[in-house]
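Spelled out, the chains give:
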Amino acid sequence: MTEHYHTWQEILSQPQVWLATLRGFVSAQSTLEEFLDQASFDHILVAGCGSTHYLAQTAATTLTHCTDISASAFPSSELWLVSNAVFADRTLLLAISRSGTTTETLRALRRFRESNDGPVLAVTCYPESTLAQQADFVLAAPAAQEQSVAQTRSFTSMFMLIQALVAALAHDEEKLERLHRLPDALTSLVRRLGDLPQQLGENRSLDRFFFLGGGPFYGLANEAMLKTKEMSLSYAEAYHPLEFRHGPMSMVNQGALVVGLLSDAGRAEELRVLADMKELGASTLALSEDDLSLADSSLDYLVEMHSGLGEWERGPLYLPILQRLAYHRAIAKGLNPDQPHNLTSVVRL
């Protein structure tokens with residue numbers, strides 16, 4: 001395996017970067033709470049592009065479930081180009097951009113300012129970026145900055161900042177303390193994981209990948225799909241688990257790997273979907289907290305988190321596994337994962 005690529009080092013570094021990101025949040029927590037106390041809003045509009053749009057999906061679902069504030073997610077381009085359909089009074093704009101310079105997100109912020117006097121909170125890896133300068137408050141993860149085009153540690157670190165924001169909005173100090181378990185949980189998971197991501201990534205008999213996630217994991221399933229496409233130029237799609245039966249399973253065959261990002265609330269039904277896909281010839285991989293057994297199921301592969309965290313907190317642990325799979329598939333195909341085909345790290349219009 002070639003390990004000199006920036007992408008691989010960025011994937012490996014996530015436990016240390018997560019720890020630095022959480023420490024940075026704690027240092028900013030009191031000023032964040034002052035900002036939230038002074039801001040006036042009863043809805044949160046979450047915006048991003050590409051990976052950060054999928055992060056926005058996860059953020060909006062988590063905010064709505066874990067706080068008393070409703071939230072919705074849109075691609076930044078929709079807020080910029082179709083703003084009248086989504087802006088409302090007493091709204092906070094949560095704008096997410098790794099670089100803080102993505103044109104669509106900056107234009108969405110500008111349109112929001114023109115149409116709404118609500119506050120703007122930015123999440124980025126660059127605290128001095130244009131987005132950060134134009135926001136009213138910034139949550140930054142500078143340790144997660146990357147040289148690669150495809151987002152790995154930046155996505156999970158910004159995700160952790162949003163989870164910490166959720167804890168602050170819910171006035172839940174215990175939740176914030178539980179998030180501090182994630183770096184060690186990932187280190188333990190990687191140790192137990194062995195070479196499974198490499199084994200699956202190098203399996204050239206697999207020619208299509210389906211990522212299924214519901215509730216807190218739908219946006220993460222979309223991000224896993226995107227990583228697989230970006231890094232390895234492989235056919236990949238993402239769906240809510242039970243939606244997969246409504247047409248998309250027509251694409252399942254012996255070359256398919258169906259990955260289930262299992263929730264707690266929906267796990268039994270999600271496992272039934274995986275069992276159905278195995279009967280159609282697919283290989284199946286489940287990512288779950290615990291309490292499953294390959295001997296008792298129709299799964300081909302199983303990864304158990306053993307994090308002690310609930311479904312609304314352990315999400316960052318799911319992605320490094322699938323990032324590794326995409327990376328190893330890129331290497332097996334002779335591709336450079338640092339420089340995906342046709343892509344740059346920032347889209348500027």
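So, here is what we can say about the structure in this document.

Analysis parameters
- Residues numbered from 1 in each chain as written.
- Predicted model: local features only at pLDDT ≥ 70, side-chain atom pairs only at ≥ 80, totals over all residues.
- Heavy atoms only, no water.
- Helix = DSSP H or I, 4+ residues; strand = E, 2+ residues; numbered from the N terminus.
- Buried < 20%, exposed > 50% of the residue type's maximum accessible area, 1.4 Å probe, protein only.
- Contact = heavy atoms within 4.5 Å.
- Areas by Shrake-Rupley, 256 points an atom, 1.4 Å probe, with all protein chains shown as cover.
- Pairing = 2+ DSSP bridges.
- Axes fitted to C-alpha atoms, helices over the stretch in contact; angles between N-to-C directions.
- Phe/Tyr/Trp six-rings, centres within 6.5 Å; stacked < 30°, edge-to-face > 60°.
- Parallel < 35°, antiparallel > 145°, perpendicular 65-115°, else oblique.
- Left-handed = near helix turned anticlockwise from the far one by under 90°.
- Nonpolar A, V, L, I, M, F, W, Y, C, P; charged D, E, K, R; others polar.

### Focus on the overall build of the protein chain
Right, so step 1: Along its length, the protein chain carries 13 helices and 10 strands.
Right, so step 2: A principal-axis box enclosing the C-alpha atoms of the protein chain has dimensions of 55 × 40 × 40 Å.
Right, so step 3: Expressed as a percentage of the 349 residues in the protein chain, the buried residues total 58%.
Right, so step 4: In the protein chain, 74% of the contacts between residues at least 6 apart in sequence involve partners at least 24 apart.
Right, so step 5: Taken as a whole, the protein chain presents about 13,800 Å² of accessible surface, with 47% of it coming from carbon and sulfur.

### Considerations on the sheet that holds strand S5 (residues 137-140)
Right, so step 1: Reading across the sheet, the five strands line up as S2-S1-S3-S4-S5 and stay open at both edges, with parallel pairing between neighbours. The sheet is open, and its two edges are formed by strand S2 (70-75) and S5, each paired on a single side. Neighbour to neighbour, the strand axes of the sheet diverge by 20 degrees on average, direction disregarded.
Right, so step 2: Where helix H2 (residues 14-38) meets the sheet, its contacts fall on strand S3 (91-97), strand S4 (120-124) and S5, and the angle it forms with S5 comes to roughly 160 degrees.

### Topic: unusual backbone geometry
Right, so step 1: A positive phi is found at Arg-90, a non-glycine position, where the angle reads about 55 degrees.
Right, so step 2: Structurally, Arg-90 can be placed in the loop between helix H4 (76-81) and S3.
Right, so step 3: Arg-90 gets classed as partly exposed once you look at its relative accessible area, which sits at 41%.
Right, so step 4: Even without glycine at this site, His-171 takes up a positive phi of about 55 degrees.

### Describing the environment of Ala-170
Right, so step 1: Locating Ala-170 in the fold gives a position in the loop between helix H7 (153-169) and helix H8 (173-179).
Right, so step 2: Owing to a relative accessible area of 30%, Ala-170 belongs among the partly exposed residues under this scheme.
Right, so step 3: Along the backbone, Ala-170 and Asn-203 are 33 residues apart, and their C-alpha atoms lie at a distance of 44 Å.
Right, so step 4: Setting aside residues no more than four positions away along its own chain, Ala-170 makes contact with Cys-66 and Thr-67.

### Examining the packing of aromatic side chains
Right, so step 1: Inspection of the entire model under this criterion finds seven aromatic pairs.
Right, so step 2: Where Phe-210 meets Phe-244, the ring centres are 5.1 Å apart and the plane angle is 55 degrees; that geometry is what we call tilted. Within this pair, whereas Phe-210 is found in strand S6 (residues 208-213), its partner Phe-244 is found in the loop between strand S7 (235-239) and strand S8 (256-261), the two being separated by 34 residues in sequence. Both residues of the pair, Phe-210 and Phe-244, count as buried.
Right, so step 3: With 4.6 Å between their ring centres and 20 degrees between their planes, Phe-217 and Tyr-318 make a pair best called stacked. Taken together, the residues span a long stretch of sequence, with Phe-217 in the loop between S6 and helix H11 (218-232) and Tyr-318 in helix H13 (residues 318-332) at a distance of 101 residues.
Right, so step 4: For Phe-217, a relative accessible area of 0% corresponds to the buried category.

### Section: the packing of helix H3 (residues 51-66) against H11
Right, so step 1: For the pair H3 and H11, the least separation of the axes is 7 Å and the interaxial angle reads 165 degrees. The angle between the axes of H3 and H11 places the two elements in the roughly antiparallel class. Classified by chirality, the crossing of H11 by H3 is left-handed. Of H11, the residues touching H3 (which contributes Ser-51, Tyr-54, Gln-57 and Thr-58) are Tyr-218, Gly-219, Leu-220, Asn-222, Glu-223, Met-225, Leu-226 and Lys-227.
Right, so step 2: For the contact of H3 with H11, the residue count by class is five nonpolar, five polar and two charged.

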